[in-house]
Amino acid sequence: MQFLPIFYKKIIYFTFYLMLFFGVFFQKIYAQEKIYVIDSAKKDYILNKSTYYLQDSLKKNKVQDFLQKDFWQKMQIANFGYHKYHAHKQWHWYKITITNQNKSQTDFVYEPSLLSEIYHYVYKNNVLIDTLKSGKGLPASSRSWSIHPIAVFLKIPYQDTITIITKAITYESGFSSKDIYLGTPKVYYDNYINPYENPFQFFFQGAVWVMFLSNIFFFFIVKDKAYLYYALYMGCMGILFLNSHLTIYYFPEFPNVQKYGQLPTLVVTVFYTQFLYYFLSFKDFYPDSARYYKYWLRGRLISIIFIYLMFVYDEQMRVIVENNMRVASIIFYIPNIILVSDIFVGLYIIIKIWKKNIFLVSFMFLGYLCVCLPIFMILTSRFTEIPIRGEYIEIGALIELILFSVGLGYRSKVNEKERLEAKENLLLQSQENQRLVEEQNAMLEEMVEERTSELNQQHKAIEEQNKNIMENIHYARNIQEAFLPKDNFIKTLLPKYFIYFNPRDVVSGDFYFVEEIDDKIIVAVVDCTGHGVSGAFMTMLANNILHNIVSNQGISEANIILNELHKNIRIALKQENTNNRDGMDLSLLVIDHKNKKIQFAGAKNTLVYIQNNQCYTIKADKMPIGGEQLEEKRIFSKHEIILDNTTSTMFYLFSDGYQDQFGGENNKKFGVQKLKDLFLEIHKKDMNTQKNILAQNFKNWSEAGKEEQLDDVLVLGLEI
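What you see is a predicted model; the values in this text were computed from it and never measured. Starting from 1, residues in each chain are numbered consecutively following that chain's sequence as written. For a predicted model such as this one, the threshold for reporting local features is a pLDDT of at least 70, and the threshold for listing and counting side-chain atom pairs is 80 or more; totals across whole chains, interfaces and linings nevertheless cover every residue. Each side-chain value is worked out from all heavy atoms of the structure, with water and hydrogens disregarded.

Peer 1: How would you explain the overall build of the protein if you had to name every residue and give the values?
Peer 2: Looking only at helices and strands, the protein has 17 helices and 26 strands in total. When accessible area is computed with a 1.4 Å probe and restricted to protein chains, residues below 20% of their type maximum are described as buried, those above 50% as exposed, and intermediate ones as partly exposed. Within the span of the protein, comprising 720 residues, buried residues form 43% of the whole. Two residues form a contact once any of their heavy atoms are found within 4.5 Å. Considering only contacts within the protein whose residues lie at least 6 apart along the sequence, 72% involve residues at least 24 apart. Per-residue and other accessible areas were derived by the Shrake-Rupley procedure at a 1.4 Å probe size, with only the shown protein chains allowed to occlude residues. As displayed, the protein offers around 39900 Å² of accessible surface, 57% of which is attributable to carbon and sulfur atoms. Every helix listed is a DSSP run of H or I at least four residues long, and every strand listed is a run of E at least two residues long, numbered separately from the N terminus.

Peer 1: Which residues make up a negative patch on the surface, and what values go with them?
Peer 2: A patch consists of residues exposed above 30% relative accessible area that lack any salt bridge, with like charges linked at up to 9 Å and nonpolar side chains (Val, Leu, Ile, Met, Phe, Trp, Tyr) linked at up to 5 Å. We count a salt bridge whenever a side-chain nitrogen from Lys or Arg sits within 4 Å of a carboxyl oxygen from Asp or Glu. Under the convention used here, Asp and Glu are negative, Lys and Arg are positive, and both His and the chain ends fall outside the count. Charged side chains are reduced to one point each, which is NZ for Lys, CZ for Arg, CG for Asp and CD for Glu. Together, Glu445, Glu446, Glu449 and Glu450 make up a negatively charged patch on the protein surface. Note on placement: Glu445 falls in helix H12 (residues 391-483).

Peer 1: Could you give an account of the sheet that holds strand S26 (residues 713-719), naming the residues involved and the relevant values?
Peer 2: By this definition, two strands are paired if DSSP reports at least two bridges between them. The antiparallel open sheet is built from five strands, whose spatial order is S14-S26-S23-S19-S20. Of all the strands in the sheet, the pair left with one neighbour each is strand S14 (497-502) and strand S20 (614-618). Strand-to-strand twist across the sheet, computed as the mean angle between neighbouring axes with direction ignored, equals 15 degrees. In the sheet, strand S19 (residues 607-611) pairs with S20 via five bridges, with the strands oriented antiparallel. For helices, the fitted axis covers only the stretch in contact; all axes are lines through C-alpha atoms, and the angles between them, taken along N-to-C directions, range from 0 to 180 degrees.

Peer 1: With reference to specific residues and values, describe the packing of helix H14 (residues 532-552) against helix H15 (residues 558-572).
Peer 2: Viewed as axis vectors pointing N to C, H14 and H15 meet at an angle of 130 degrees, and their least axial separation amounts to 10 Å. With respect to H15, the element H14 is oriented oblique. Relative to H15, the crossing made by H14 is right-handed. When H14 is examined against H15, the residues Leu541, Ala542, Ile545, Leu546, Ile549 and Val550 are found in contact with a partner set consisting of Ile561, Glu564, Leu565, Asn568, Ile569 and Ala572. The nonpolar class holds Ala, Val, Leu, Ile, Met, Phe, Trp, Tyr, Cys and Pro. Asp, Glu, Lys and Arg form the charged class, and all remaining residues, Gly among them, are polar. Broken down by class, the residue content of the contact of H14 with H15 amounts to ten nonpolar, one polar and one charged. For this classification, under 35 degrees means roughly parallel, over 145 means roughly antiparallel, 65 to 115 means roughly perpendicular, and everything else is oblique. Rotating anticlockwise by less than a right angle from the far helix to the near helix defines a left-handed crossing, while the corresponding clockwise rotation defines a right-handed one.

Peer 1: Can you break down the side chain of Asp656 residue by residue, with the values?
Peer 2: Looking at the element boundaries, Asp656 is found in the loop between strand S23 (649-654) and strand S24 (662-663). It is Lys604 that comes nearest to the buried, bridge-free Asp656 among opposite-charge side chains, at 7.3 Å. Setting aside residues no more than four positions away along its own chain, Asp656 makes contact with Asp527 and Asp711.

Peer 1: Explain the environment of Gly602 to me, and be specific about the residues and the numbers.
Peer 2: Locating Gly602 in the fold gives a position in strand S18 (residues 597-603). Judged by its relative accessible area of 2%, Gly602 is buried. As a C-alpha pair, Gly602 and Ala558 span 44 residues in sequence and 8.6 Å in three-dimensional space. Not counting chain neighbours up to four residues away, the residues in contact with Gly602 comprise Leu562, Leu586, Ser587, Ala620, Asp621 and Phe636.

Peer 1: An account of helix H17 (residues 687-704) is needed here, citing residue identities and associated values.
Peer 2: Residues three or four positions apart in an α-helix share a direction because the helix packs 3.6 residues into each turn. By this rule, a helix spans an expected 1.5 Å times one less than how many residues it contains. For H17, built from 18 residues, the straight-helix expectation of 26 Å at 1.5 Å per residue is met to within 8% by its first-to-last C-alpha distance of 26 Å. Listed in full, the buried residues belonging to H17 are Met687, Gln690, Leu694, Phe698, Trp701 and Ser702. In an axial view of H17, the angular spread of the buried residues amounts to 95 degrees, which keeps them on one side of the axis. Looking at the buried residues of H17, the elements they touch are S14, S23, S24, strand S25 (668-669), helix H16 (672-682) and S26. Near the N-terminus of H17, the side chain that reaches the backbone nitrogen of Asn688, with its oxygen 3.2 Å away, is that of Asp686. By definition, the arc is the one covered by directions from the helix axis to the C-beta atoms. What qualifies as a polar contact is a pair of N or O atoms within 3.5 Å, subject to a donor-acceptor requirement within protein and to the restriction that residues adjacent in sequence count only when both atoms come from side chains.

Peer 1: Go over the packing of aromatic side chains, please, and point to the residues and values.
Peer 2: Two aromatic rings, drawn from Phe, Tyr or Trp (for Trp, its six-membered ring), form a pair once their centres lie within 6.5 Å of each other, and the interplanar angle then sorts them: stacked below 30 degrees, edge-to-face above 60, tilted otherwise. Across all of its chains, the model carries 28 aromatic pairs by this definition. Relative to Tyr295, the ring of Tyr292 has its centre 6.3 Å away and its plane inclined at 75 degrees; by these criteria the two rings are edge-to-face. Residue Tyr292 and its partner Tyr295 are located together in helix H8 (residues 287-312), separated by three residues, close to a single helical turn. Given the relative accessible area of 52%, Tyr292 is considered exposed. What links up through ring pairs into an aromatic cluster is the set Tyr229, Phe271, Tyr277, Tyr278, Phe282, Tyr286, Tyr293, Trp296 and Tyr348. For a lysine, the NZ atom is tested; for an arginine, the CZ atom; a charge sits over a ring if that atom is within 6 Å of the ring centre and within 35 degrees of the ring normal. It is Arg291 that lies over the ring of Tyr292; its NZ or CZ is 4.9 Å from the centre.

Peer 1: If you had to explain the pattern of salt bridges to someone new, which residues and values would you point to?
Peer 2: Within the structure shown, the criterion is met by ten salt bridges. With its nearest N and O atoms 3.0 Å apart, the salt bridge here joins Lys124 to Asp160. Taken together, the residues Lys124 in strand S8 (residues 117-124) and Asp160 in the loop between strand S10 (152-155) and strand S11 (161-169) connect sequence positions 36 residues apart. Accessibility expressed as a relative area gives 33% for Lys124, which makes it partly exposed. Looking at Asp160, the relative accessible area reads 12%, which means it is buried.

Peer 1: A description of the confidence of the model for the protein should follow, citing residues and the corresponding values.
Peer 2: Residues shown with low pLDDT carry predicted positions that ought not to be read at fine detail. Scored from 0 to 100, pLDDT records how confident the predictor is in each individual residue. With 79% of its residues at a pLDDT of at least 70, the protein reaches an overall mean of 79. Throughout residues 22-30 the model reports pLDDT below 50, and contacts reaching past four residues in sequence, or to other chains, amount to one contact.

Peer 1: With reference to specific residues and values, describe the environment of Gly663.
Peer 2: You can see Gly663 is positioned in strand S24. The exposure class of Gly663 is buried, given its relative accessible area of 0%. When residues no more than four places from it in sequence are discounted, the contact partners of Gly663 are Lys668, Trp701, Gly705 and Glu707.

Peer 1: Quick rundown of H16? Include the residues and the values.
Peer 2: Those residues of H16 lying buried are Leu675, Lys676, Leu678, Phe679 and Ile682. Across the axial projection of H16, the buried residues extend over an arc of 160 degrees, all falling on one side.

Peer 1: Account for the sheet that holds strand S13 (residues 181-183), naming residues and giving values.
Peer 2: Ordered in space as S2-S13-S7-S10, the four strands form an open sheet in which the pairing is antiparallel. Only two strands of the sheet have a single partner each, and these edge strands are strand S2 (44-46) and S10. Each strand of the sheet is rotated relative to its neighbour by a mean of 25 degrees, with strand direction disregarded. One ladder, built from three bridges, connects strand S7 (residues 107-111) with S13; its direction is antiparallel.

Peer 1: Quick rundown of the packing of H16 against H17? Include the residues and the values.
Peer 2: When two helices pack together, their arrangement is given by the angle between their axes and by how far apart the axes lie. Running from N to C, H16 and H17 cross one another at 145 degrees; their axes reach a closest spacing of 11 Å. Considering only the axes of H16 and H17, their crossing is right-handed. Where H16 abuts H17, its residues Lys674, Leu678, Phe679 and Ile682 lie against Gln690, Ile693, Leu694, Asn697 and Trp701.

Peer 1: Which residues make up unusual backbone geometry, and what values do they have?
Peer 2: Positive phi values are uncommon outside glycine, yet Asp518 reaches one of about 50 degrees. On the secondary structure map, Asp518 appears in the loop between strand S15 (510-517) and strand S16 (520-528). Relative accessible area serves as the criterion here: at 58%, Asp518 is assigned to the exposed category. Here the phi dihedral of Asn667 falls at roughly 55 degrees; this positive angle occurs in a residue that is not glycine. Mapped onto the secondary structure, Asn667 falls in the loop between S24 and S25. Taking relative accessible area as the criterion, Asn667 reaches 32% and is therefore assigned partly exposed.

As structure tokens, then:
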């Protein structure tokens, strides 16, 4: 070329580029849209090389666009194998033109996509002749062909040409490997619908559910949680691989069942990890690590609830996906990250136990790899875009099932060996113990005889002591009853009254006080610290001081009586210089008939009175008589009640023994409110009847709760 003149070089270059241009130009002009011709006796066809495909990310194309001349040139041939799709983001368009030259066949089944909603528009000579619907997200009643969710039935007459434009919509993310399929109904039924077309699936399901039932049975027999969790794991595996058949055979009108059928994927690895935890006795070997494992398990359960809500609120998730793809991408990868963490937690348990029992853990490790490796590959396929078939997990699960059975047999053999050794050791120990027991029995018999003689002597001495003590206590009761005011004396001052006095022990820490001074009647109900003998000593001290204040000092103001009583109790018990904190609660009335009024002062014990069928309460000061005094001076309050000559008034003074008694059907305290209601119910009855009702009610209440009497009980009622 270098010897040719420059002019000829230019002519040659110009001719070359001109031919190249016209070659490309005429190639486009004379390129024709592909038409698939059915011209043989084949029963099914793969239409990938004749199908045009368009991914519509913006959802802007319409069916009519695909009828335009040369629009097919914007599409690609569907012979692409695997492709990735995003939830709620894309439409997928397919277009194919088919001519039927097969005289013997006019009925066909057409299946272009695995997505959720599929709309088929069938044209003949650019005229719409039929609209068909399919898709695994549609109920059977709304699909054009209810036999299978993703296929439609077509009728293509002999020597007829139709164009099918398909719009497929997805509600999930993933990969598709679906060939564009066309076949006769019989072949399609035998290959894709007949439930017996996949014997491996039925073998797998049979093995899974046999293991499920057998492990449940073993769990109830031996109470080993490892069997329970393995049964739950196998049940989830069975449901997981049955999921694709749920909407076809069992719930054709409820396509969402398949969505919720995916929920076992959330817990299947948790159950298997729990199985490893109990089967390998992880807690026994590593209690500290087991504590952290429990924290992980709680967090895992929370994640299951979160992901479950993602399934339930699918529409709200769709809005998030459409509005914020960054947030959506994070949310969609959360389940994968969690499942991967389950795999590593289970692997951590296996590695930790490895040194403790290498032979048994080897079976678990191999089985774990067989199951988890396919799961891990499927989860990471979204990142690597390398498709992995779900059947690999089924095969791995079957291998794992066999390995587990061998491991279970080995574990049972080891346990049986340990049980026999333990039984033999127990027998030897039992024989040794029997010998020691016989020797000990001989020695004990001698010691028992000696000890029995000593105990008999001590028992007699204790009985004598108890007899003397009870005699002294009963004598103390006589002394206590001696200083209590007599019934005849009280009746001269209070014609209408009753006293329900029920000590817990022989002697009581409660007592009542009635005295008259300067035409005024002093009535008090006192509850001293303690009960029994200790309480009785306090009652004698308090009674003497009260008599001195009222009779000797002539004090008749209710609050001043309490002030003086408090001061004298503290002096008598030397409470300023000792740790003694004994004291008393009381309610005190000063009845002034001359001025037609009543004074009340109380130390923690409330006054209840009923007038004109209305129940009134005067609360006492919230401080006792005696005890620790933090304030500079203890001053009690005085309350006055004006008497009404036109009606009578019923007054009730009481210690806390009645209201604090446990009993009733629910074994609770009787309570102040119940006691007030009881007073209101009985206040119009005569005095003796009121006393009997209170006594019987207290007995019934205690017996209903099967409770012993807890404290001394004292109730004084009087009518003015």
